[in-house]
Every structure is written in structure tokens, then in C-alpha cells.
Amino acid sequence: MIDEERLGQRFEAFARIDSESGSEALIARVLEKELTDLGAIVVFDDAGAKVNGDCGNLLAAFQGNTEVDPVMLSGHMDTVVPGKGVNVMFEDGVFRSDGTTILGSDDKSALAIILEVMQVVKENNLPCPPVEVVMTVGEEQGLLGAKHLDCTLLKSKFGYILDAVDTQGIVNRAPAANKISAKIYGRAAHAGSSPENGISAIYAASCAIAKLELGRIDGETTCNLGLISGGAATNIVPEYVEIHGEARSHDPGKLDKVTHTIVSTFKNTMAELQADGDALPRVEMIVENDFPHTNIPEDHVMIKLAQKAAENLGRNLACKTSGGAADANVFFGKGIAAGVIGTGMTDVHTLKESIALKDMVSCAELVLEILQIHATGKAAK
Ligand SMILES: [Zn+2]
């Protein structure tokens, strides 16, 4: 039932519309029109203003024709850079850019697939649950749209986010993360004439970092210090350095622990380095929860529906654990269990990005089958 040619055309049209993060208004208007034509009530929330973008998250509600729980379908409207003026090439069933930009299949494949599915439902008058389509902004900037999404506008308790590579998998576990920053203050002095008057912030930072365990802490926990900057010149004892890092874990308790270790190591090290009566070197630690974890049990109705749908199509759909974050993490934190399914996008965030039309068709078939099973109540048994 999925119209391969129409899906490809729609994808290509979307890929040609510039929508780097913060500039989603253009594509949002196109989506608004198409979704409205398909019978949805479309609203935008006020996330755009909150994240300095030109557009909020798009929420489209399809009433459906069966009295079952609503289901959310989601993708993000923004792309990474360079994503302007994408020249879409189609050869041997595969879409690519001309090599000077990304393609934007991350995540325009999702937008095209969701519209194709809803169009197929409409033109064939198929059974359909209430569907809430959520197309977010600023995903690539740190899930900004999802973080500012007004979830009171949504009724769905579960759903599917189309924003992964593997069409044979559904991501139901992903780590939580904290952003961790250390601002270290020392004392400037001329490095040649009076170094003893100075306190090197870089030296102090190094002492702390050397004590830390970084990288993979255990099977479900990682941490990384990824940015460091400070100092003014080679002849000045550096009075300031700042370090930015992150910690991730699938286990919130372990995340707390590794975060606490980093914070206390910096603080204790500064205290050890301070001479009697001197308040320097000193550190200011900033910890910010970046995103919550996702941990959806394998017997959740959302997973069962998807796996039953895959089975009906003669496929396998395996539960997967991701090391990265998606809007799904934020939704999970807001009480919506969203599995992340693949659209076939490959080499995302690079100029080599590509997507095979047959993979998009396969994802669309899966989503359509999920809606059918859910609407007719034949799943999750
Ligand atoms: Zn994405």
C-alpha cells in the first residue's frame, strides 16, 4: 500500500528545503499544510522563542476512527550543517547529496514516512488509532525542541520516533547524561620574573584530571572531558582555565556516582594545592542534567506492538541499547515511552550521508502495520 514513488518524491522535496537547527519555519509550513490536508489539527508550541529559533514544535492531531489509546509518531525537522541548498541525487535506489552538503535524511526521512503512512491510511480508509504527530525543532542542538515541548498538549503515553539507522531494531534503552563544567581560578604572574607569585590554573586542572578515571567506566557508564580552554600567553602564569565534559549512564545511580566523583576530585585537589591561608586555586563546578535515560521494558505495549507488526511483515525487530541520546530520552522523562526506529539513514552528519528508498518503504510499512494492529486491538497478546 505504501506508494514508493510518492514517498521518494516527498523525501526529495523535504530534503531540498533548508532547515538547519533554528531555521525550521520553512519546512514547518510545508508540513503544516500537508498534515492539515490529511485531516489533522495542527498547532505549534512556543518552543521556538525559548530556543531562539524561528519556529516551535509542530503538533498534529489525527482523531482516528477507533477508540484506542493515542499513539505518538515523531521526527525532528532540523538538520545539522552544512544543510543549505541540498542538491538531492537519486541513483540505483539511493538518495545522496552532491557531496557539498549533508543530505538531511536525518531526519527528513521520518517526516516523509509519517506523511506517507497517514496518507495511505486516509486514502484507503483504514482503521486508525488517534495519532499525535510531533515534529520537533532543535534536536541536533541538544534535543532543545523536545526539552521545551509542552507535553500537556499531548495525550499519548507511548509512541515511535523515527530517527535511527537500523530498520531491524527498536531502541528502548539509552543513557542519561550530565554536563559537567569546571572553572578553575589561579593567580596571574609574570612567568619569567615572578612565577612564584602566580598560581597556575592549568597545573591545578591537570592535577585533578590526572586523578580521574575517564572513558568507559563500566558496561553502562562513560565519562569524557571534551573541551579545555584557558591561559593567556606563554609568559603569563595562567589564572583561569575551564573544562567541559559529560558523564552518561543507563543507571541513574551510577550517573550520580561518577558525576559526584568528578566534582569531588576537582574540589579536593584544589584544597590540597592551596597554600595555608590562600583561597586559590579554587574551582567552581557546574553540573547540569542534559537528558534523562530511557529504559522501556521489553514487554511494554509499545515494543510488543512494534514486534508484532514486524512479525506480520515477516521480519525481526530487536530491542536495542543506544549510547547516545534522542528526543526519546526527553519524552521518557516526561512520561511518554517512545521507541526509536530506523529509517535506513546512513553516514548521518557527514557529506556522504545516504538513504535507500527501499529502507524508507520498509520503515513506512512497519509504522503502518503498527497503526493497523493497534487500531484493531490485535496486538500485545
Ligand atoms: Zn536525528
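From a predicted model like this one, the values you see are computed outputs, not experimental measurements.

A few words on the packing of aromatic side chains. Aromatic rings considered in pairs are described by the distance between their centres and by the relative angle of their planes. Across all of its chains, the model carries four aromatic pairs by this definition. Considering the side-chain rings of F90 and F95, the 4.3 Å spacing of their centres and the 35 degrees angle between planes classify their relative orientation as tilted. According to the relative accessible area criterion, F90 is partly exposed, its value standing at 44%. Put simply, the rings of F11, F90 and F95 touch in pairs and so form one group of aromatic residues. Over the aromatic face of F44 sits the side chain of R29, whose NZ or CZ is 4.9 Å from the ring centroid. For the cation-ring pair, R282 lies above Y185, with the distance from its terminal atom to the ring centre recorded as 4.3 Å.

A few words on the sheet that holds strand β13 (residues 282-291). Pairing is antiparallel across the open sheet formed by five strands, whose spatial order is β10-β11-β12-β9-β13. The sheet is open, and its two borders are formed by β10 (215-218) and β13, each paired with just one other strand. Averaged over all pairs of adjacent strands, the angle between their axes in this sheet comes to 20 degrees, without regard to strand direction. Across three bridges, the pairing between β10 and strand β11 (residues 221-230) is antiparallel. The partner of G215 across the bridge, within β11, is C223. The strands touched by helix α7 (residues 252-273) within the sheet are β9 (176-185), β10, β11, β12 (240-249) and β13, with β13 carrying the most contacts at an inclination of about 165 degrees.

Turning next to the side chain of H250. With respect to the helices and strands, the residue H250 is situated in the loop between β12 and α7. Judged by its relative accessible area of 10%, H250 falls in the buried class. Apart from residues lying up to four places away in sequence, H250 is in contact with R173, A174, P175, E220, H293, T321 and S322.

By volume, the largest pocket is sized at about 460 Å³. Lining the largest pocket are 24 residues, and of these G39, A61, F62, Q63 and G64 sit closest to its centre. Of all the elements in the fold, those that place two or more residues in the lining of the largest pocket are β1 (41-44), β2 (58-62), α4 (105-123) and β6 (131-136). Residue contributions to the lining of the largest pocket peak at four residues, all from β2. A class-by-class count of the residues in the lining of the largest pocket yields 16 nonpolar, five polar and three charged. Volume-wise, the second largest pocket comes out at about 370 Å³.

What follows is about the coordination of the zinc ion. Binding of the zinc ion to the protein goes through H76 (NE2), D106 (OD), D163 (OD) and D163 (OD), at separations of 1.9 to 2.7 Å. Geometry at the zinc ion is irregular, judged from its four donor atoms and the angles of 52 to 144 degrees they form at the metal. Along the chain, the residues that donate to the zinc ion are spaced as H-x29-D-x56-D. A residue pair is termed long-range when its members are at least 10 positions apart, and D106 in helix α4 and D163 in strand β7 (residues 158-164) qualify at 57 residues. Accessibility classification places D106 together with D163 in one group, the buried group.

Quick look at the side chain of S19 now. Mapped onto the elements of the fold, S19 is located in the loop between α1 (4-15) and α2 (25-37). The exposure class of S19 is buried, given its relative accessible area of 0%. A polar contact is formed between the side chain of S19 and the backbone oxygen of M77, at a distance of 2.8 Å. The residues touching S19, leaving out its near neighbours within four places in the chain, are E24, I27, M77, D78, T79 and K108.

This part covers the domain arrangement of the chain. Each assigned domain of the chain is listed here: domain 1 (4-174 + 293-376) and domain 2 (176-291). Taking the mean C-alpha position of each, domain 1 and domain 2 sit 39 Å from one another. The partner domain 2 presents eight residues to the 11 residues of domain 1 that form the contact. A buried area of about 720 Å², summed over both sides, lies between domain 1 and domain 2, and 53% of it is on carbon and sulfur atoms. For domain 1, the biggest contributors to the area lost against domain 2 are K147, R173 and H293; these three give 52% of the whole. In this structure, the connection of domain 1 to domain 2 is made through two salt bridges. The salt bridge involving R173 is made with E220; its shortest N-O contact spans 3.6 Å. Partitioned by chemical class, the residues of the side of domain 1 that touches domain 2 number three nonpolar, six polar and two charged.

Below, the discussion takes up the nonpolar core. Soluble globular proteins tend to bury their nonpolar side chains together. L31, L35, M77, M118 and Y160 are the most contacted members of the largest nonpolar core, which has 69 residues in total. Sort the elements by how many residues they give to this core and helix α10 (residues 357-376) lands first, with 11 residues. Setting aside residues no more than four positions away along its own chain, M118 makes contact with L38, F62, L73, C128, V131 and L371. Counting 21 residues, the second-largest nonpolar core is a separate cluster that includes A205, L255, M270 and M285.

Conventions used here
Every chain is numbered on its own, with residues counted from 1 as its sequence reads. Given that the model is predicted, a residue must reach a pLDDT of at least 70 before its local features are reported, and side-chain atom pairs must reach 80 or more before they are shown or counted; all residues, however, enter totals for whole chains, interfaces and linings. Calculation of side-chain values draws on the structure's entire complement of heavy atoms; hydrogens and water are dropped beforehand. For Phe, Tyr and Trp, rings pair up if their centres lie within 6.5 Å, where Trp contributes its six-membered ring, and each pair is then called stacked (planes under 30 degrees apart), edge-to-face (over 60) or tilted (otherwise). For every residue, the accessible area obtained with a 1.4 Å probe (protein chains only) is divided by the maximum for its type, and the residue is called buried under 20%, exposed over 50%, and partly exposed between those limits. We call a charge positioned over a ring when the NZ of a Lys or the CZ of an Arg lies within 6 Å of the ring centre and within 35 degrees of the ring normal. By this definition, two strands are paired if DSSP reports at least two bridges between them. Secondary structure elements are defined from DSSP: runs of H or I of at least 4 residues count as helices, runs of E of at least 2 residues count as strands, and each element is numbered from the N terminus. As a rule, the C-alpha atoms of each element are fitted with a line to give its axis, helices using only the stretch in contact, and angles between N-to-C directions run from 0 to 180 degrees. In what follows, a contact means two residues having at least one pair of non-hydrogen atoms within 4.5 Å. Here a cavity means grid points, on a 1 Å grid over the protein atoms only, where a 1.4 Å probe fits yet cannot get out; a pocket means an open set of points with protein on both sides within 12 Å along at least five of seven lines; lining residues are those with an atom within 4 Å of a point. Grid points are joined across faces, edges and corners, and a volume is the space filled by probe spheres set on the points. Think of it as three bins: nonpolar holds Ala, Val, Leu, Ile, Met, Phe, Trp, Tyr, Cys and Pro, charged holds Asp, Glu, Lys and Arg, and polar takes everything else, Gly as well. Donor criterion used throughout: N, O or S atom within 2.8 Å of the metal, extended to 3.2 Å for Na, K and Ca. Water excluded; incomplete-looking sites may result. Sites are called tetrahedral only when four donors show all angles between 85 and 135 degrees, square planar or octahedral only when four or six donors show opposite pairs over 155 degrees and all other angles between 65 and 115, and irregular in any remaining case. N or O atoms within 3.5 Å of each other form a polar contact, as long as, within protein, one can give a hydrogen and the other can take it, and as long as residues adjacent in sequence are counted only when both atoms are side-chain atoms. The domain boundaries here were taken from an automatic or database domain assignment. Accessible area that two parts lose when put together, with a 1.4 Å probe and added across both, is what the buried area reports. Counted as salt bridges are all cases of a side-chain nitrogen of Lys or Arg within 4 Å of a carboxyl oxygen of Asp or Glu. The term nonpolar core refers to a set of buried residues drawn from Ala, Val, Leu, Ile, Met, Phe, Trp, Tyr and Cys, joined through side-chain atoms within 4.5 Å.

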